[in-house]
Structures are given as structure tokens and as C-alpha cells.
Amino acid sequence: MSETRSYKAQKLVERLQVKVNRQIMLSLEACVHCGLCTDQCHYVLSNPGDVTYAPAYKADRIRKLFKAHIDWTGKTLPWWVGAKSVYTDQELEDLKDTVFGKCTNCRRCSLNCPMGVDMAVFNRMARGLLVHVGVMPEGVAVVAKDQWEIGNQMGVLKEDYLETLTWMEEELQSEYNDHSIRIPIDKMDADVVYSINPREAKYDPRTIAEAAAIFHFAGENWTMPSQGWDMTNFGLFNGDDELGGAVGGRLYDAVERLRGKKLVISECGHGFRSTRCEAPNWGKRDVAFPMESAVITMLGYIKQGRIQVDKSKNSEPVTYHDSCNNARSCGMTEEPRELLNLVCSDFREMHPNRAENFCCTGGGGAMSMTEYAPRRLKSARIKADQLKATGAKIVVTSCHNCVDGLFDLIKHYKLDMQVKLLVNLVASALVVPERPSRKMRPLEGYKILVIDDEPDIRVYLGKIFKDQGCLVTEAPDANQGMRAIKADRPDLVTLDLILPYMTGEKLYWELRKDQKTADLPVVIVSGYAAVDSPRIDFFGFLAEKRLPQPNGFLEKPVDPEKLIETVRAVLLEKA
Amino acid sequence: MTATATATTPIERKVHQTVVRLMQGDLTALEVDAFVHYAKENLELGSGYGTAIQSRGGGAVKKEVEKIGGIRMGEAVMTTAGGMAAKHIIHACGPKFQESDTEGKLRDCMNSALQIARENGLKSVAFPPMGAGFYGVPLALSAQVMIDAIRSAAAAGTPPEVIIICTVDGRDFLAFKNQVGAL
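Residues numbered from 1 in each chain as written. Chains lettered and ligands numbered in written order. Predicted model: local features only at pLDDT ≥ 70, side-chain atom pairs only at ≥ 80, totals over all residues. Heavy atoms only, no water.

Thoughts on the overall build of chain A
Thought 1: Within chain A, the secondary structure is distributed over 28 helices and 15 strands.
Thought 2: Considered along the principal axes of its C-alpha atoms, chain A spans approximately 95 × 60 × 35 Å.
Thought 3: Taken over 575 residues, chain A has a buried fraction of 58%.
Thought 4: Counting contacts in chain A only where the partners sit at least 6 residues apart, residues at least 24 apart contribute 79% of the total.
Thought 5: If you sum the accessible surface of chain A, you get close to 24,000 Å²; carbon and sulfur atoms cover 51% of it.
Thought 6: Here chain A contributes 75 positive and 79 negative side-chain charges, whose respective centroids are spaced 5 Å apart. (Helix = DSSP H or I, 4+ residues; strand = E, 2+ residues; numbered from the N terminus. Buried < 20%, exposed > 50% of the residue type's maximum accessible area, 1.4 Å probe, protein only. Contact = heavy atoms within 4.5 Å. Areas by Shrake-Rupley, 256 points an atom, 1.4 Å probe, with all protein chains shown as cover. Lys, Arg positive; Asp, Glu negative; His and termini not counted. Charge placed at Lys NZ, Arg CZ, Asp CG, Glu CD.)

Side note on the pattern of salt bridges
All names here are of chain A.
Thought 1: Considering all chains together, one arrives at 57 salt bridges over all chains under this definition.
Thought 2: Note that R257 is salt-bridged to D186, the shortest N-O span being 3.7 Å. Of this pair, R257 sits in helix α15 (residues 241–257) while D186 is found in the loop between α11 (158–176) and β1 (192–195), placing the two residues 71 residues apart along the sequence.
Thought 3: Owing to a relative accessible area of 34%, R257 belongs among the partly exposed residues under this scheme.
Thought 4: Close ionic contact of K556 with D496 constitutes a salt bridge, the shortest N to O distance being 3.4 Å. With K556 in the loop between β15 (552–555) and α28 (560–574) and D496 in the loop between β13 (492–495) and α26 (504–513), the pair connects residues that are 60 residues apart, well separated along the chain. D496 matches K556 in its accessibility class, with the two residues each being buried. (Salt bridge = Lys/Arg side-chain N within 4 Å of Asp/Glu carboxyl O.)

Some points on the sheet that holds strand β7 (residues 162–167) of chain B
Sheets are built from strands paired through backbone hydrogen bonds, the pairs being either parallel or antiparallel.
Residue and element names in this part refer to chain B.
Thought 1: Here we have seven strands laid out as an open sheet, ordered β1-β2-β7-β6-β3-β5-β4, and mixed in their pairing. Edge strands, defined here as strands with exactly one partner in the open sheet, are β1 (11–15) and β4 (76–80). The mean angle between the axes of side-by-side strands here comes to 25°, regardless of whether they run parallel or antiparallel.
Thought 2: Across the sheet, helix α4 (residues 139–156) touches β1, β2 (18–24), β6 (124–127) and β7, and the angle it forms with β7 is around 170°. (Pairing = 2+ DSSP bridges. Axes fitted to C-alpha atoms, helices over the stretch in contact; angles between N-to-C directions.)

Regarding the domain arrangement of chain A
Thought 1: Partitioning chain A into domains gives domain 1 (7–136), domain 2 (148–303), domain 3 (311–426) and domain 4 (447–574).
Thought 2: Computed over C-alpha atoms only, the centres of domain 3 of chain A and domain 4 of chain A are separated by 51 Å. (Domains from an automatic or database assignment.)

Re the confidence of the model for chain B
Thought 1: Summary statistics for chain B give a mean pLDDT of 94 and a share of 96% for residues scoring 70 or more.
Thought 2: Low pLDDT, under 50, characterises residues 1–6 of chain B; the stretch is placed with 16 contacts to residues that sit more than four places away or in other chains. (pLDDT = per-residue confidence, 0-100.)

Points about the nonpolar core
Residues and elements named next belong to chain B.
Thought 1: If you look at the biggest cluster of nonpolar residues, it comprises 166 residues, and the most contacted ones within it are I90, F127 and M130.
Thought 2: The leading source of residues in this core is α4, at ten residues.
Thought 3: Beyond its immediate stretch of four places on either side in the chain, I90 contacts A34, F35, V36, H37, A76, V77, M78, A113, I116, A117, L122 and V125.
Thought 4: If you look at the next biggest cluster of nonpolar residues, it comprises 25 residues, including L27, V61, V65 and I89. (Core = buried A, V, L, I, M, F, W, Y, C linked by side-chain atoms within 4.5 Å.)

A short note on the packing of aromatic side chains
For any pair of aromatic rings, the description rests on two quantities: the centre-to-centre distance and the angle between the ring planes.
Residue and element names in this part refer to chain A.
Thought 1: This structure, assessed with the given rule, holds 18 aromatic pairs over all chains.
Thought 2: An angle of 65° between the planes, with centres 5.1 Å apart, marks the rings of Y176 and F217 as edge-to-face. Remark: F217 occurs in helix α13 (residues 206–217) and Y176 occurs in helix α11; sequence separation between them is 41 residues.
Thought 3: What links up through ring pairs into an aromatic cluster is the set Y194, F215, W222 and Y301. (Phe/Tyr/Trp six-rings, centres within 6.5 Å; stacked < 30°, edge-to-face > 60°.)

Thoughts on the interface of chain B and chain A
Thought 1: With 24 residues of chain B at the contact, the number on the chain A side is 30 residues.
Thought 2: The interface formed by chain B and chain A contains three salt bridges.
Thought 3: Taking the shortest distance from any N to any O, the salt bridge between E242 of chain A and R171 of chain B comes out at 2.6 Å.
Thought 4: Run the count over chain B and chain A and you get eleven residue pairs in polar contact (both at pLDDT 80 or more).
Thought 5: Broken down by secondary-structure element, the contributors of at least two residues to the side of chain B that touches chain A are α1 (49–57) and α5 (170–181) of chain B. (Polar contact = N/O pair within 3.5 Å; in protein donor to acceptor, adjacent residues only side chain to side chain.)

Some details on the packing of helix α1 (residues 7–19) of chain A against helix α9 (residues 119–132) of chain A
Residue and element names in this part refer to chain A.
Thought 1: Interhelical geometry of α1 versus α9 gives an angle of 140° and a closest axis separation of 9 Å. Between α1 and α9, the angle falls in the class oblique. In this structure, α1 meets α9 at a crossing whose hand is right-handed. From α1, K11, L12, R15, L16 and K19 reach across to α9, where they touch M125, L129, L130 and H132.
Thought 2: By residue class, the composition of the contact of α1 with α9 is five nonpolar, one polar and three charged. (Parallel < 35°, antiparallel > 145°, perpendicular 65-115°, else oblique. Left-handed = near helix turned anticlockwise from the far one by under 90°. Nonpolar A, V, L, I, M, F, W, Y, C, P; charged D, E, K, R; others polar.)

Some thoughts on the sheet that holds strand β2 (residues 222–223) of chain A
Residues and elements named next belong to chain A.
Thought 1: Spatially, four strands are ordered β2-β1-β3-β4 in an open sheet, and the strand pairing comes out parallel. Both outer strands of the open sheet, β2 and β4 (291–293), are each paired with one neighbouring strand and no more.
Thought 2: Pairing of β1 with strand β3 (residues 263–265), which is carried by three bridges, proceeds in the parallel orientation. Across the sheet, residue V193 finds its bridge partner in β3, namely L263.
Thought 3: Docked against the sheet, α13 engages β1, β2 and β3, running at close to 170° with respect to β1.

What follows is the structure in C-alpha cells.
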């Protein structure tokens, strides 16, 4: 009997032949249907009697395809081994319902399979096959497209991201009454490049501020990239290896562009796993720098004495939820507990825990699939029971995705609990030193932009400012200088007048015309008075355009002491 | 594994009277006469570049595309760009998710976008890697069809003065680099 296959089904079958690798094949071959996986799944435990949630049943939806098209037993004796292909678009929709709507790829069944079947690895492959032919939940499409085209999975635009960082920096300075607290953007040669989940920029910016405070009091030399900052990766969820490789690559590019020494990944289970473990493979990319979870970084600061904490500041009973990707897939189970015990006075373990913990039910991209929300919340009963039994008032996790999943189920099951991240607790336990941990230099933390076309001069001026504790950025021409000012407003600009493309005086005019930059301190540092540049009459230009005088004017060669004195006077007067 | 080169210095070539520029950047932030939005038949802006259009451009573009209603595969239509840096948006409908005759449809879509630019006397137009990424058109095919269409338009003598191919990251920049470099 021959059946006609729909165009999409045919394309999916063709793709299957490409995507089945040795790891997937072993998992598809090894199942003996012993049923041990059944009681491991939160969907099954919350829906007793519904076989369609059983991992082995779900796996068989994919296994049938594999048998029909790849495995020799299925080609020879299809009726014997249950081989069955897909023919209609409706069958693709049914497969979508299983692989997206009935599994979060949490891998609890995988961990407990005596045959080593990794359900998540081929469930993810099946998701990728469907995405390849455009069959996916609407929310998955929305998020994936944002990440492909905007560069992060919540569609946060660059200007909004930078504005949020500036806002948080101002909040921190006000909170601690300390102008030297900075959120440095695109600082070159930093020891730590810090990447975040776009949820932080969009919905929870306090976590950025808290991390910044921790970096500051630890005396860390750190920065955040202005682009390529999203450490989440929807490629893990929708099975699209190409997206996974592209997203990881953008982050790796950012670290390399900034010549960062280490990438620290904010708290996010799938982001950590994707960035550190999976994306180099998806993108076929060598990554030369170390990558570390912020949990490890914060724990290191406390153990090394770089920050002081007082656990009595967090006295409410807390419990810890292990993110599936952190615990089961990356083995990070002890460090968060060690950290919690240092910053909380009443930590209560939930059971089961560590790699055996249950999913928050929001994993695998489930939070983006609103059509499955009732199903997700029903399956969350097992997690709700777990949380309730601890008697804790706060559930802590190290994953932004889990925060949303837990928040939803706590509301649904009316539990009297808050959800927090480790960074929240570490920040609230911080003991702020009465005197700064290192001797403050007069210009500590001020952002200076040096605009000069001569590399030697940029290095020279940059060194002088860096020795004073300034955060220095450079631009070789006026256009790049203007972009740098718009991207991350400095506290002061040193401006050469003789520049390629657009002169320094034109840039000065542009700055003074724009309300946003009219009061930006500018110190002219130029050799314009030299005999080889008689055409430039800067002060005549100012008079002609009725522009105010610059905040300072220094002729090259510049005396370092005079430079510092001038800049200090300008900045302190402004402060 | 191999390390991916990340150098994305813009490349510029002159083809007849047209300057073709390859750059990495933010398509929807460019100051051009128009940028091209890879559109669906119903012109719904959606997410991705659609997110940026709605956020930066305000509600005007959405109203315009709703009024137009829709276009057919391979066609293009132009709207204003609301409050964006660009003056206009060319919405061009191309193939998605492995659909049949991807190459032919992509060529029609490119030609339609260039024709709209020509008819409206636009001097500078920016394109994304058409169909690549979310919609799954292979990068190599996207690059080949786009460069062919641009070359043909330049030879015909009335294309925009500047055509920009604006990529999101180093990976797609590299896919276009050799083709643009060989122009």
C-alpha cells in the first residue's frame, strides 16, 4: 500500500536522515519498554492514568519514524517493530503536541533509565525537524525570530538595553552614595565579561544592579558588552542547531572583540548549558577563554575574602530548587548550596533534590507556549507539593526561566512563597566596607572617551587616565566618537581637532547643538596651533557659530599633570 | 572544530553606477531611504525585525500594512517607516521553511523589492540576508540570489545608488563576504 506524503511531511522525513546521529540512534535503539521512566516524569505523576504522557510512549512517537526510515528492522519488518512514517500535516501537528506540549526536556527520565536512553536528545531533534518545516507553537516562533533578528530572545533593542544599564548604574550610585560604582560597557581587556538573560534587562533589572554591586565590592575588573550580550539560547529549546550556533557565536565574538579573559554567565540553567557546553558544537567553534556560572564567581569572591557577607540578613527559611540544566545536565548541585549556606541562616533542603529534583515545569521553552499553559500548571502539582513540604518562605533558584515557572505555579497553587535568585540573596547579605576595599584614586570610575586619530596619542592619554582609575574608551575619528557617545555616554571627552572624515570642531558643534549632549564636558587636546595646520581656527569657529567655550583646552604635547588637573577640575566642578 | 573569523570590516564595491556595501549592524536603525522587511503574505509585522519596526517606528507602519491587507508571494510593497531613521520600509514576501521553488520565489521577491526602489526613486536601500535565519533559507543560497539580483539591477542601469546588505552577526557576514568581494 502506498500513501501520498504531504510536502511538509516529505521534507521532515528528508531532514530526519540528516539529523539522526550516533547519540540519537543509540537512544532510539536501546529502549526495552521497562517502564522505569514513567514515574520520573512530572507530567505522568500529575496526570495518573494518561499514558500519552509516559516518556516511553512519547519516545515511541519519534521511534516509529526512525524505524520506518533508518533502522533496518523497520524497513524489513515494519509491522513487527511498530515502524510508522508521517504522511499528513495533521500528523505533524500531533507530533508537535507531543514533543513541545508534553515534555520539557528536563531529562529526569533520562537520568533514571537503566538503558541510558536520553529522551531529551531525540525529543529536541524532533522539535528541530518540525521547526525546519515551520511547524511550531506560535510563541516558539516569536521568540526564535526575535533571537535570530534582534539578537536576543525578548527583542530588547540596543538603546533600551543601554538605557537600562545606565539607569541601574545611577540607582546603585544613589543607593550606596558612591560615584565610583559603574556598570562598564565595552571595556577592553577586562578580566570578566558579564552576560545576562534578556529577562533581566526587560523585567528584572535589579539583578543586573545586584551583580554590579557584587563585582564592584569584589574589586573586579569587569564589563558588559553593548552587543552580543544575551547568554540565553532558544536553539536548545526549538532544536535548531543553526540558531544555537549563531547565538553562541555572537557571545563568543563579543568576548573576543573586547579581549575579555573570562566569560561569566548570569543565573540561567539553559543559558549556562548552551553557552558553556553546547553552542561550541552547534557552531563548530573553538572557544579559547574560560566560561563560568555567576554562582561559581560569587562563591569564589566570598571564599577568597573579596566580599564580606552576613547571613543573618537573610533569616527567613529558604529552600533551593535545582534547575534541570544546571543540575542534571551540568552537574552544578553543590556550589549553589554552599553559597546559600554562606548567605542564609535557615536553609531547608527539598526532596528529592539535586539531579533528582523535579522540573519547575517552565523548562524547555514551555513558558513561551501559552496554548499549553493549563497542561503545564496541572503538571506543576508535583512541584507545588514539593515546595509546600519544605515550609520555606522563599524558594531560591539559579535560573531566570525557573523563576517564571515557579512564580506561575506558586500563584496557581496559592502557596505563600517568594521566588528569588542567588544573586538577590548574596546582594542582600553584602557587608559594605565602611572604607573602600582599595585606595580610591581621584578620578576612580569616571568614564573618559579619548577621540584622536593617532594611535600613540590614544594609548598615551588612555594610560594617564587609567592610572587615575578612569574607565577609558577610544575612538579614532569623529564618527566613531559620536557613536561611542550615543552608545554609552562618557563623563568627559577629550577631543582632537584634526580628525579624518569629520573635523573635531564639527563634532564639537554637533555635540553642543544636541540637547542630550550640550552639557557633556569636552576638553580639547590638539596640536592644531602647530604651523602645519594653519587652516583651523577653532576659536574663530566658536565665535562664528556662537558656541560656548570648551571645558578645557590643551595643546599637544600634553603634560600629564596638567591634563589630570584640567580633567579633575572639570569633573569635580560638575559633580 | 575550527575557529570562526570574526572580522567584519565593511566591504564596498562599485557595480556600474551602484555602490554595494556589506556591513554588520542593525538593519532597522540605518539612515537609508528604505530597508527591506522580509514579509509574510498577510504583512503582519510579527517579531524579530517586526519588533523593532513597532518599537522604533510607532504604530504608523502597522496601520499602513493593515490597510494594504496583504501581498502575494514574490511581491513587494512600500510603506513609510514611522519614526525610524529610515524613510520607508519595503515589505517583500519571500519563501519560508523549505517551501517549493525557494530559489525562484526568492529571486522574484528580490526583484520586486528592487523594482519598488527604482519606481520610487530611492537612492539607498538596505537588505537583510533575505530569508536566512528564522525562515531557513540557506545562507549560501540567499547570498547567491541576492547578489545575482543586485548585479542584474545594476547592469540595467536604474538601481538605487547605494545598496546595503546588513547582516546581524559575523557568521552571516562571512557567508556574503566572498560574493560581495568578487563583485
